[in-house]
Amino acid sequence: MARPQAKEGVLRVTPYAGSEAKAEGGQLINISSNESAFGASARAANAYAEAVANLRRYPEIDARSLRQALAAHYGLEAERIICGTGSDQIIDLIALAYAGVGDEVVYSAHGFQMYPIAAHAVGAMPVAAPETDLTADVDALLGAVNERTRIVFVANPNNPTGTLVDAADLARLHAGLPGNVLLVIDAAYAEYVTRTDYEPGVELVRTHDNVVMTRTFSKIYALAALRVGWAYGPQEIIGILDRIRPPFNVSAPAIAAAIAALGDRDHTERARRHNDEVLPWFSDQVRALGLEVNPSAANFVIVRFDPETPKNAEAAYQYLFGKGIVTRRVGGYGLPDWVRLSIGTREEMTAVLAALKEFLEKND
Ligand SMILES: Cc1ncc(COP(=O)(O)O)c(C=O)c1O
């Protein structure tokens, strides 16, 4: 009997592997999704609660007030900003608008999973460029570009590796791309980066017609549940994305909370400082246990476990899970020997260290 058939590209998608944390709680420590170590700003939570009074109303069709708040906060132009239901939606919109059957979408081999998913969904072919030292390799990315390439996605810093491409290399990547290829710089973790050779993408967007920077409220702003992301780009590209953006795609409570979160600079600064202290401390402590930790510029690290021993990545993941500590396996990113851990509170990370030590010391 005839049955509806999904498009070929869709059938090629490997579904996004999310956290195994139970939505209803029950775990002691959830460090599986690179969420903020702290909760959202109290100002954001209050703004969200106040929005309850107006639930029967549609939100702004284009998140205008949030775009204006973002423009003021980051020194940008509101008409060159688009908001999405998470930055995931913006990644999808970019693929939908700029790639299709017969096209290629380039990303780095251990890059964020949504890029190949978005490419397949529109019938385009994702092309993974090899990395060097678990870092996006500009020459390899450029080498993967050909006349079929429409988009190059770079997460900077990258999830799950935590590594980044410095401003000079990013500019070199852009300079090597043909003008008809769109460079998307996904700076979801930009606010955590303290390295001075880093540029989230604003300068490249300002000075070129083929660069878009995406950002999110899911990480340092701790509003992952509300699904708010945004992008800054040339007005023409933002206009194109706007044509296919579902109207009302950011809810009114989410808009209100995001604006309030932007305004609470102390809260954001506290989260940044916390990460600055705990990320290097935790990384050093894990190294002192004899494990390899990939240097990270974001709010998470990947830790390598020896695949030749019973203390391998799967065993580590399961052991921690059994202790109520939910981390993330990253085999789907081509990193089967690594486990990703987000930076939680200092108490949480102290408990994680103790559990890791127990795991390594126990007799199998
Ligand atoms: C690199 C990167 N980009 C985008 C996202 C998606 O974020 P959002 O919650 O805004 O959809 C994530 C989330 O983990 C990410 O790691």
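The coordinates are above.
Only a predicted model underlies this, so the values are computations on that prediction, with no experimental measurement involved.

This paragraph deals with the pairing of strand β2 (residues 81-85). Of all five residues that make up β2, four are buried, and the element is covered over most of its length. In terms of strand pairing, β2 meets strand β8 (residues 228-232) through five bridges, oriented antiparallel. Directly across from Thr-85, in β8, lies its bridge partner Val-228.

Our next topic: the sheet that holds strand β3 (residues 104-108). Sheet architecture is open: seven strands sit in the order β2-β8-β7-β6-β5-β3-β4, paired in mixed fashion. Every interior strand has two partners, whereas the edge strands, β2 and β4 (125-129), have only one. Within this sheet the neighbouring strands show an average axis-to-axis angle of 25°, counted without direction. Pairing analysis gives four bridges linking strand β7 (residues 211-216) to β8, with the strands arranged antiparallel. Within the sheet, the bridge partner assigned to Thr-216 lies in β8 and is Gly-229. Set on the sheet, helix α3 (residues 64-74) makes contact with β2, β7 and β8; between it and β2 the angle comes to about 120°. The sheet contacts of helix α9 (residues 235-244) involve β2, β6 (182-186), β7 and β8, and relative to β2 the element is tilted by about 35°.

Let us look at the site of the ligand. Lining the immediate environment of the ligand, one finds 13 residues, of which Ser-87, Asp-186, Tyr-189, Thr-216 and Ser-218 sit closest. In this structure, an oxygen atom belonging to the ligand sits 2.7 Å away from a side-chain N or O atom of Arg-227. In isolation the ligand offers 400 Å² of accessible surface; the protein chains occlude 94% of this area. For the shell around the ligand, the leading source of residues is helix α4 (residues 86-98), giving three residues.

Moving on, we get to the side chain of Ser-296. Tracing the sequence through the fold places Ser-296 in the loop between β9 (292-293) and β10 (300-304). At a separation of 3.0 Å, a polar atom in the side chain of Ser-296 contacts the main-chain amide nitrogen of Ala-298. Discounting residues that sit within four places of it in the chain, Ser-296 has contacts with Gly-162, Leu-279 and Val-301.

With that out of the way, let us pick up the packing of aromatic side chains. Aromatic rings in a pair are described by how distant their centres are and how their planes are angled relative to each other. A complete count under the given rule lists ten aromatic pairs for this structure. Plain terms: the ring middles of Tyr-58 and Phe-248 are 4.6 Å apart, the flat faces sit at 35° to each other, and that makes the pair tilted. One end of the pair, Tyr-58, is in the loop between α2 (42-50) and α3; the other, Phe-248, is in the loop between α9 and α10 (252-263), and 190 residues separate them in sequence. Taking relative accessible area as the criterion, Tyr-58 reaches 65% and is therefore assigned exposed. Taking the relative accessible area as the measure of exposure, Phe-248 reaches 31% and is therefore partly exposed. Centre to centre, the rings of Phe-305 and Phe-359 are 6.1 Å apart; their planes meet at 75°, and the pair counts as edge-to-face. With Phe-305 in the loop between β10 and α12 (313-322) and Phe-359 in helix α13 (residues 346-361), this pair connects stretches of sequence that are 54 residues apart. Site record: aromatic cluster; members linked through ring pairs are Tyr-16, Phe-112, Tyr-115 and Phe-153. Over the aromatic face of Tyr-317 sits the side chain of Arg-329, whose NZ or CZ is 4.0 Å from the ring centroid.

The rules behind the values
Residues numbered from 1 in each chain as written. Predicted model: local features only at pLDDT ≥ 70, side-chain atom pairs only at ≥ 80, totals over all residues. Heavy atoms only, no water. Buried < 20%, exposed > 50% of the residue type's maximum accessible area, 1.4 Å probe, protein only. Helix = DSSP H or I, 4+ residues; strand = E, 2+ residues; numbered from the N terminus. Pairing = 2+ DSSP bridges. Axes fitted to C-alpha atoms, helices over the stretch in contact; angles between N-to-C directions. Contact = heavy atoms within 4.5 Å. Near = heavy atom within 4 Å. Polar contact = N/O pair within 3.5 Å; in protein donor to acceptor, adjacent residues only side chain to side chain. Areas by Shrake-Rupley, 256 points an atom, 1.4 Å probe, with all protein chains shown as cover. Phe/Tyr/Trp six-rings, centres within 6.5 Å; stacked < 30°, edge-to-face > 60°. Lys NZ or Arg CZ within 6 Å of the ring centre and 35° of its normal.

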